[in-house]
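A closer look at the structure
What follows is each chain in one-letter form.
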Amino acid sequence: MSKTSSMGRGIMAVLAVGSRHGAGHAGGTVADIAAGLGKDRSQVSRYLRGAEQEGFLTRINQRTYSLDWSVLTDAQLLTERRLQSDGGMALDTLARQTDEACFLGVLHADSTVTIGESVPTSSNLVGSWLGRPYPAYCSDAGQAVLWEAAEAEVRTVFADVAFVQHGPNTPVDVDDFLARREAARERGYSIVDEEAEPGLYSLAVPVRDFKGDVVAALQIVGIKDRLEPRREECAAALVAQGEWLEQRLGYQPQD
């Protein structure tokens, strides 16, 4: 007797339909899925009907099963809520561990926007950045939110952007930005050293969701003279909280 549960068999059917979508097909019939799984058609028909009843599949005609994309929509909404709630927990933990201002930023067009923050009074940073945009080419979150974007995509994002100098080390053009991002990838986190403004220093990591997409950047921002000497210690805490937040969003690293 098979040791696979009825739920497991239903998931197998859903994944089989998903694989057909990935191969460019609209969906699959019972015969298509049965052939792909090497299972009896009557068994597979039961799996597919069960998955349809649970809302994972829909029928686009009498014979063809397709993924019900409302499941993905619901998962995306849940991710957004968790990014706010669990992101807040990650920020508070990171701020407590490092005693520095910590932020969560997202990409919006060619800028990054802060959606979460935790700022200890001892950080000496004044004012809130919530909802405020800053040019992505030199912002604390810029390299991290574009961490996995293809070079062509990065060039498209900055196609109409003038690289105005905001600090003594602001990138001069998109090639400069790409070179700094490549160094950040090798390091495992970005360093933005007086790029956004004089005297300001920051570290950031990308945050991925259940699809493996980068949806935000987790950042530590502080006065250079105070944060730079503690870079390795703070980076370790940053990476750990970034990984925790990714787990909460359902990200599963590929081996």
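Structure first, text after, so check above.
Here the residue numbering is sequential within each chain, running from 1 through the sequence in written order. Given that the model is predicted, a residue must reach a pLDDT of at least 70 before its local features are reported, and side-chain atom pairs must reach 80 or more before they are shown or counted; all residues, however, enter totals for whole chains, interfaces and linings. In computing side-chain values, all of the structure's heavy atoms are included and hydrogens and water are not.

So, about the overall build of the chain. Secondary structure elements follow DSSP: runs of H or I no shorter than four residues count as helices, runs of E no shorter than two count as strands, and numbering proceeds from the N terminus. Tallying secondary structure elements over the chain gives nine helices and eight strands in all. Put simply, the radius of gyration uses C-alpha atoms, and a globule should come to 2.2 Å times the residue count raised to 0.38. Taking 18 Å as the expected radius of gyration for a compact globule of 255 residues, we find that the chain reaches 23 Å, considerably beyond that expectation. On the principal axes, the C-alpha backbone points of the chain span a range of 70 × 40 × 30 Å. The buried share among the 255 residues of the chain stands at 44%. We call two residues in contact when some of their heavy atoms are within 4.5 Å. Put simply, 59% of the contacts in the chain that link residues at least 6 apart link residues at least 24 apart. All accessible-area figures derive from a Shrake-Rupley calculation using a 1.4 Å probe, and residue coverage is judged against the displayed protein chains alone. Carbon and sulfur atoms provide 50% of the accessible area of the chain, an area that totals close to 13300 Å². For the purpose of charge, His is not counted, nor are the chain termini; Lys and Arg are scored as positive and Asp and Glu as negative. For the purpose of locating charges, the reference atoms are NZ of Lys, CZ of Arg, CG of Asp and CD of Glu. Taking the average place of the 25 positive charges on the side chains of the chain and the average place of its 36 negative ones, the gap between the two points comes to 12 Å. Here's how the labels work: a residue is buried when its accessible area is under 20% of the maximum for its type, exposed when over 50%, partly exposed in between, all with a 1.4 Å probe on protein chains only.

Attention shifts here to the side chain of S66. By the secondary structure assignment, S66 is in strand β2 (residues 65–67). In this structure S66 comes out as buried when scored by relative accessible area, which is 5%.

Let's shift gears to the pairing of strand β3 (residues 101–108). Of all eight residues making up β3, six are buried, and the element is well covered by its neighbours. Pairing between strands is defined by DSSP: at least two bridges between them are needed. Note that β3 and strand β8 (residues 214–223) share five bridges and pair antiparallel. Note on β8: the bridge partner recorded for F103 is Q219. In this structure, β3 lies alongside strand β4 (residues 111–118), joined through seven bridges in antiparallel fashion. Its bridge partner lying in β4, L107 is registered against T112. The turn joining β3 and β4, which pair antiparallel and follow one another in sequence, is formed by two residues; a positive phi near 60° is taken by A109.

Structurally, T170 is set in the loop between α6 (151–157) and α7 (174–187). On the basis of relative accessibility, which here comes to 7%, the residue T170 falls in the buried class. Polar contacts, as used here, are pairs of N or O atoms within 3.5 Å; protein pairs need one atom able to donate a hydrogen and one able to accept it. Residues neighboring in sequence count only if both atoms are side-chain atoms. Within the structure, the side chain of T170 is placed 3.0 Å from the backbone nitrogen of H166, a separation counted as a polar contact. A distance of 2.9 Å separates the side chain of T170 from the backbone nitrogen of G167, its partner in a polar contact.

Counted as salt bridges are all cases of a side-chain nitrogen of Lys or Arg within 4 Å of a carboxyl oxygen of Asp or Glu. Scanning all chains against the criterion turns up 18 salt bridges. Between E100 and R226 there is a salt bridge; the shortest N-O distance is 2.7 Å. On the criterion of sequence distance, the pair formed by E100 in the loop between α4 (70–98) and β3 and R226 in helix α8 (residues 224–227) is long-range, its members being 126 residues apart. Residue E100 is classed as buried on the basis of its relative accessible area, which comes to 0%. With relative accessibility at 26%, the residue R226 sits in the partly exposed group. The shortest N-O distance in the salt bridge between R230 and E233 comes to 3.7 Å. Residue classification places R230 among the partly exposed positions, given a relative accessible area of 22%.

In this section: helix α2 (residues 30–37). Listing the buried residues of α2 in full gives V30, I33 and A34. The buried side chains of α2 occupy one side of the element, clustering within an arc of 100° when seen end-on. Exposed and facing more than 90 degrees away from the buried side of α2 are A35 and G36. Residue G38 follows α2 closely and has a positive phi angle near 70°. The arc under discussion is defined with respect to the helix axis, by the directions toward the C-beta atoms.

A few words now on the packing of aromatic side chains. Ring pairs shown here join Phe, Tyr and Trp side chains whose ring centres sit within 6.5 Å, with only the six-membered ring taken for Trp; geometry is labelled stacked below 30 degrees between planes, edge-to-face above 60, and tilted in between. One pass over the full model with this rule turns up five aromatic pairs. Judged by centre distance (6.4 Å) and plane angle (80°), the rings of Y137 and F158 are edge-to-face. Of this pair, Y137 sits in the loop between β5 (133–135) and α5 (142–145) while F158 sits in the loop between α6 and α7, and the two are 21 residues apart along the sequence. Like F158, Y137 is buried. A connected cluster of aromatic rings, assembled from ring pairs, spans Y137, F158, F163 and F177. Only Lys NZ and Arg CZ are tested; either one counts as a charge over a ring when it is within 6 Å of the ring centre and within 35 degrees of the ring normal. The positively charged end of R187 is found above the aromatic ring belonging to Y189, 5.7 Å away from the centroid. Above the ring of F210, the side-chain terminus of K211 is found at 4.8 Å from the ring centroid.

The nonpolar core is taken to be a set of buried Ala, Val, Leu, Ile, Met, Phe, Trp, Tyr and Cys residues, with the residues joined through side-chain atoms within 4.5 Å. If you look at the biggest cluster of nonpolar residues, it comprises 24 residues, and the most contacted ones within it are L94, L104, L203, L218, I220 and L238. Of all elements in the fold, only α4, β3, β7 (200–208), β8 and α9 (231–248) reach the threshold of two or more residues within this core. By residue number, the principal contributor to this core is α9, which donates five residues. Not counting residues up to four positions away in its chain, the partners in contact with L94 are D99, C102, L218, Q219, I220, A237, L238 and Q241.

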